[in-house]
Amino acid sequence: MYNLAKNYFKILVLMSAAQGLLISAAYAETEGHYGLGRIATQEEIAGWDIDVRPDGLGLPAGSGSVADGEGLYEGKCASCHGSFGEGEGRWPILAGGFGTLSEGRPEKTVGSYWPYASTLYDYINRAMPFTAPQSLTPNETYAITAYVLYLNEIVDEDFVLSKGNFSTVVMPNAEGFFEDDRPDVRNPTCMKNCKDPSSIKVTSTIAGVTPTEHMEENAPIE
Amino acid sequence: MKKLSENTTDLLQEIKTEAAELPHNKRRDFMLNGLKLTAGTALATAVGKVVAGQENLPPNVPSWQRSLGRGVVSVPYGQPSKHEANLIRRTVEWLTADKIASISMSPLHKMKGIITPSGLHFERYHGGVPDIDPDDHRLMINGMVERPLLLTMDELMSFPSESHIHFLECPANGGMEWRGAQMEALQFTHGMLSGSEWTGIKLSTILQEAGIKPGAKWVLAEGADAAGMTRSIPLEKALDDTLVVFAQNGEMLRPEQGYPVRLFTPGWEGNTSVKWLRRLEVGDMPWEHREETSKYTDLLADGRARKHSFVQEVNSVITSPCPENPIKRKGLLQLEGLAWSGHGKVKRVDVSLDGGVNWQTAKLKGLVLSKSLTRFAMEINWQGEPLLLQSRAVDETGYVQPTLSQLREVRGTNSIYHKNSIHTWQVLTGGAVNNVQLG
């Protein structure tokens, strides 16, 4: 993302092209203390530097509509995540769950929980579909991102997402996060008579959910 | 059928007596073995009374001493004894949809000392274990640096390196039990935890080689796996004790642990130690990627969530007795456990036998290192009474491991991550140990 000044860069590219790896003493300032490795070329960086940030840095040129996203999502995503983002079987739920974050069983989804739309673009682009990561084009990723936002009622059905209008997308839970403020509990180091023994209530384990085959030979004395 | 000789009748009687002293489930096998032997002819008369199952016990000379063992390099890469086949990682199938994006736990109940054998280190990944050819692997450093670098493994490993012993823990360790106890085994309540000696280069050395530009505040670490795992690390941590690690316990990293190279952020939640590291990008703000928004954020009762909760606060657990290690005899008993803190050294561990009414300070055993597993032990005299065992660790910052009720009071039960509360094992009169919670 952060390109070097063009001339400086050209010299380096020429140098590495001409001499293989090493940069000669005349350009010592271009070398680190140990002189290990070589300068990565712009092309190499472009191929790997796929990350996208909340301020839009890293978004490629391109665009995609909710309408285009629908077909792509149906073909590449719905088998696991469900046609409405409801999640098939145990695969992750992508949509819904609004207003559940403070309930007993919160449903954390793109719409109910995620604070930034950039995270969605970045994640789909780097990791989805699960069995074929980094296989989508920028336009496909824009379209599928738009469609998942639409499934969460964050954009309208005629919305076209692009690098240009990305910052206009507002996520419902954008204000839902705060920086780590722990320690949030203070336990005194009491040593004697720290509580009333009769107040202790023992709650046992829910039976049957632990794989315990390996423990049988260690049965206790009877 | 042959008539049983008098000797054999004696023998059978003896087998029966022996069997009565064995745990129930071993008894049947023992009887069967005994009977098989009695059916044989060469038995008993020559040696006198060789009791089945005791051929290798004194006064008899064991079979392995009467023949030669195997030679060198018959197993070029040594393996544990076949009698330790039970000492393995295990998973809880229903936790995740797929084994490719899942977790396995270390068998803490059988582990000794503070180092986890590399093959037993817990596993956690989101896109499977990649099979990376180190010759084709590169580490790229880009972003706000003077010289964006591309390093081969050979070049990377030519920087000065250091070795440190540290624990690594998934912040979801114990996370299945916010609402109540549900795991009848230490391996599943606390096994997303391991300890190793890690060898690598200080991340500060590599960043300085690239030259950090003014204004830089964060570093993005990115994996070369199918998940393309990413985490944003504050520059302060990157320049403090963060390592770019290529070896674990004296050998190159295991594939499950990031071969050929991973990040290692001592004391921080495991996910920030990005494996299969392919790229480090320097920037001026966090990237807020999926693993630092959707996941690895701590949802509180009021619906707000804590983010960038990196540190694994002090924690401890008794590893013996535990559900897998019930008490087998009355008398003096060596209680043992593990304590660890992402803030530094463990200063003290107290143990309670009565559910937290009274506490005694345990002994710290062996090495006490910063951000490392630390062993504690206490001798107790058990006479068959029921116990409610607990351990409470204090680290060098003075922070005391909290009770579960204290955590629930401020966080609710939906946090998933960072449950470092005091754990309770219930010992029954027979010596069996149950996982319980105290209200």
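Note that this is a predicted model, so its numbers are computed, not measured.

Criteria and cut-off values
Residues numbered from 1 in each chain as written. Chains lettered and ligands numbered in written order. Predicted model: local features only at pLDDT ≥ 70, side-chain atom pairs only at ≥ 80, totals over all residues. Heavy atoms only, no water. Helix = DSSP H or I, 4+ residues; strand = E, 2+ residues; numbered from the N terminus. Buried < 20%, exposed > 50% of the residue type's maximum accessible area, 1.4 Å probe, protein only. Contact = heavy atoms within 4.5 Å. Areas by Shrake-Rupley, 256 points an atom, 1.4 Å probe, with all protein chains shown as cover. Pairing = 2+ DSSP bridges. Disulfide = S-S within 2.5 Å. 1 Å grid on protein atoms, 1.4 Å probe; cavity = no way out; pocket = protein on both sides within 12 Å on 5 of 7 lines; lining within 4 Å. Points joined across faces, edges and corners; volume = space filled by probe spheres on them. Nonpolar A, V, L, I, M, F, W, Y, C, P; charged D, E, K, R; others polar. Buried area = accessible area lost by both parts, 1.4 Å probe. Salt bridge = Lys/Arg side-chain N within 4 Å of Asp/Glu carboxyl O. Polar contact = N/O pair within 3.5 Å; in protein donor to acceptor, adjacent residues only side chain to side chain. Expected span 1.5 Å × (residues − 1).

Asks: Hey, could you go over the overall build of chain A for me, with residue numbers and the actual values?
Replies: Of the regular secondary structure elements, chain A holds 6 helices and 5 strands. N-terminal to C-terminal, the α/β element order of chain A is α-β-α-β-α-α-α-α-β-β-β. Taken over 222 residues, chain A has a buried fraction of 43%. Nonlocal contacts in chain A, meaning residues at least 24 apart in sequence, comprise 54% of its contacts between residues at least 6 apart. If you sum the accessible surface of chain A, you get close to 12,000 Å²; carbon and sulfur atoms cover 54% of it.

Asks: Tell me about the sheet that holds strand β23 (residues 433-438) of chain B, and please be specific about residues and values.
Replies: Strand pairing in a sheet takes place through backbone hydrogen bonds and is either antiparallel or parallel in direction. The strand order across the open sheet formed by 6 strands is β5(A)-β23(B)-β22(B)-β21(B)-β17(B)-β18(B), and the pairing between neighbours is antiparallel. Edge positions in the sheet fall to β5 (202-203) of chain A together with β18 (360-361) of chain B, since each has one partner strand and no second. In the sheet, strand β17 (residues 346-352) of chain B pairs with β18(B) via 2 bridges, with the strands oriented antiparallel. Bridging from a neighbouring strand, Asp350(B) pairs with Thr361(B) of β18(B).

Asks: Which residues make up the state of the cysteines, and what are the values?
Replies: Here a disulfide denotes one covalent bond, and it connects the sulfur atoms of two cysteines. Residues and elements named next belong to chain A. Following the criterion strictly, the structure yields 1 disulfide over all chains and no others. In this model, Cys190 is linked to Cys194 through a disulfide, with the two sulfur atoms separated by 2.1 Å. Between Cys190 and Cys194, the S-S torsion sits near -100°, and that sign places the bridge as left-handed.

Asks: Describe the environment of Met176(B), and please don't skip the residues or the numbers.
Replies: The topology assignment puts Met176(B) in the loop between β5 (162-169) and α4 (186-190). A sequence separation of 50 residues divides Met176(B) from His126(B), and the C-alpha atoms of the two residues are 19 Å apart.

Asks: Can you explain the pairing of strand β7 (residues 218-223) of chain B? Please cite residues and give values.
Replies: Along a regular strand, successive side chains alternate from one face of the sheet to the other. Residue and element names in this part refer to chain B. A large share of β7 lies buried, amounting to 6 of its 6 residues. Of the two faces of β7, the one lined by Trp218, Leu220 and Glu222 and the one lined by Val219, Ala221 and Gly223 are each fully buried. As paired strands, β7 and strand β8 (residues 230-234) are joined by 5 bridges and run antiparallel to one another. Of the residues in β8, the one forming a bridge with Glu222 is Thr230. Here β7 hands over to β8 after 6 residues, with Gly228 in that stretch at a positive phi of 50°. By the bridge criterion, 6 bridges tie β7 to strand β12 (residues 277-283) in an arrangement that is antiparallel. Bridging across to β12, Ala221 finds its partner in Leu280.

Asks: Give me empty space enclosed by the protein: which residues, what numbers.
Replies: Residues and elements named next belong to chain B. Within the structure shown, the criterion is met by 7 cavities of 30 Å³ or more. Taken as a whole, the largest cavity encloses approximately 200 Å³ of empty space. As for the largest cavity, its lining consists of 19 residues, of which Arg124, Gly270, Asn271, Ser273 and Lys275 are closest to the centre. For the lining of the largest cavity, the element with the highest residue contribution is strand β2 (residues 123-125), accounting for 3 residues. Taken together, the residues of the lining of the largest cavity sort by class into 9 nonpolar, 5 polar and 5 charged.

Asks: Explain the environment of Ala238(B) to me, using residue names and the numbers behind them.
Replies: All names here are of chain B. Tracing the chain through its elements places Ala238 in helix α6 (residues 235-239). Through-space distance from the C-alpha of Ala238 to that of Thr265 is 8.0 Å; in sequence the pair is 27 residues apart. Apart from residues lying up to four places away in sequence, Ala238 is in contact with Leu203, Ser204, Leu207, Val219 and Ile233.

Asks: Lay out the environment of Glu236(B) in plain terms, naming residues and giving numbers.
Replies: Here Glu236(B) is to be found in helix α6. Taking the C-alpha atoms as reference points, Glu236(B) and Lys217(B), separated by 19 residues in sequence, lie 7.7 Å from one another.

Asks: Please provide a residue-by-residue account of the interface of chain A and chain B, values included.
Replies: Tallying the contact residues gives 90 residues for chain A and 119 residues for chain B. A buried area of about 8,700 Å², summed over both sides, lies between chain A and chain B, and 55% of it is on carbon and sulfur atoms. On the chain A side of the interface with chain B, the three residues burying the most area are Trp48(A), Phe178(A) and Arg182(A), jointly 9% of the side's total. Counting across the chain A and chain B interface gives 9 salt bridges. A salt bridge links Asp184(A) to Arg411(B); its shortest N-O distance comes to 2.7 Å. Counting the contacts that link chain A with chain B gives 49 residue pairs in polar contact (both at pLDDT 80 or more).

Asks: Let's hear about helix α6 (residues 138-151) of chain A: which residues, and what values?
Replies: Residue and element names in this part refer to chain A. With 14 residues, α6 extends 20 Å from end C-alpha to end C-alpha; this agrees with the ideal 20 Å at 1.5 Å per step. The element α6 is extensively covered by neighbouring structure, given that 10 of its 14 residues are classed as buried. Those residues of α6 that fall on the buried side of the exposure criterion are Thr141, Tyr142, Ala143, Ile144, Thr145, Ala146, Tyr147, Val148, Leu149 and Leu151. The secondary structure elements touched by the buried residues of α6 are β2 (63-65), α3 (66-76), α5 (117-127) and β3 (160-162).

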